[in-house]
Amino acid sequence: MSERLTVSKVLDEAERQLDEFDPRTSGAWPHAAAALIRQCLESTLDVFWRNRAPAMLEATLADRWICLPAFLGERAEARAADLAWTALSAACHHRAYDVGLTQDELRGHLATARGFLATVAANLRAR
């Protein structure tokens, strides 16, 4: 579970990016927070697959999300995490004409990542 602690600490850093305004990084913090949250969702997903079906690590990330309910069950946290990952992926590939995610949207995705982490951790402990 050392990865769970690492993911938790990265989520804490993403939250810090949202909480602490620094005028020197005012244009970069939304992108940084989005990238950190997305990475945590991916890491949590990887830990799940490494423990439940290691061969799934060879599949694309999209396929890992699609197959998740078959192994984890129909969980609202997993569906929300998949949607958050999709939104964050789009935000991380920011284009000049994109507005990007708001602070409230990023906070929502952060809460989703924490919920997904807790769901996966509980599932792995129960096995």
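In this text the structure is predicted, and so the values were computed from the model without any measurement.

J.: Hey, could you run me through the packing of helix α2 (residues 29–52) against helix α3 (residues 61–72) in this one?
T.: Packed helix pairs are characterised by how far apart their axes lie and by the angle those axes make with each other. Where α2 contacts α3, the axes come no closer than 11 Å and their chain directions differ by 55 degrees. As judged from the angle between their axes, α2 and α3 are oblique. Pair α2 / α3 crosses with left-handed handedness. Contacts from L41, E42, L45, D46, F48, W49 and R52 of α2 reach α3 at L61, R64, W65, C67, L68, F71 and L72.

J.: How do you make sense of the nonpolar core when you look at a structure like this?
T.: What tends to happen in soluble globular proteins is that the nonpolar side chains get buried as a cluster. L41, W65, L68 and F116 are the most contacted members of the largest nonpolar core, which totals 33 residues. Contributing elements (two or more residues each) for this core: α1 (2–19), α2, α3, α4 (76–92) and α5 (103–126). Looking at which element gives the most residues to this core, the answer is α2, with ten residues. Each residue touching L41, except ones within four places of it in the same chain, is listed here: W65, A81, A84, W85, L88, A113 and F116.

J.: Where do I start with the side chain of T112 in this structure?
T.: Tracing the backbone through its elements, the reader meets T112 in helix α5. Discounting chain neighbours no more than four positions away, the residues touching T112 are A80, A81 and A84.

J.: How should the packing of aromatic side chains be read in this particular structure?
T.: The relative placement of two aromatic rings is captured by the distance of their centres and the angle of their planes. Enumeration over the complete set of coordinates arrives at four aromatic pairs. Aromatic pair W65 and W85: ring centres 6.2 Å apart, planes at 35 degrees, arrangement tilted. Here W65 is found in helix α3, whereas its partner W85 is found in helix α4, with 20 residues between them in sequence. Judged by its relative accessible area of 3%, W65 is buried. Residue W85 is classed as buried on the basis of its relative accessible area of 13%.

Rules and cut-offs
Residues numbered from 1 in each chain as written. Predicted model: local features only at pLDDT ≥ 70, side-chain atom pairs only at ≥ 80, totals over all residues. Heavy atoms only, no water. Axes fitted to C-alpha atoms, helices over the stretch in contact; angles between N-to-C directions. Helix = DSSP H or I, 4+ residues; strand = E, 2+ residues; numbered from the N terminus. Parallel < 35°, antiparallel > 145°, perpendicular 65-115°, else oblique. Left-handed = near helix turned anticlockwise from the far one by under 90°. Contact = heavy atoms within 4.5 Å. Core = buried A, V, L, I, M, F, W, Y, C linked by side-chain atoms within 4.5 Å. Buried < 20%, exposed > 50% of the residue type's maximum accessible area, 1.4 Å probe, protein only. Phe/Tyr/Trp six-rings, centres within 6.5 Å; stacked < 30°, edge-to-face > 60°.

Treat this as a map of the structure, not an account of what it does.
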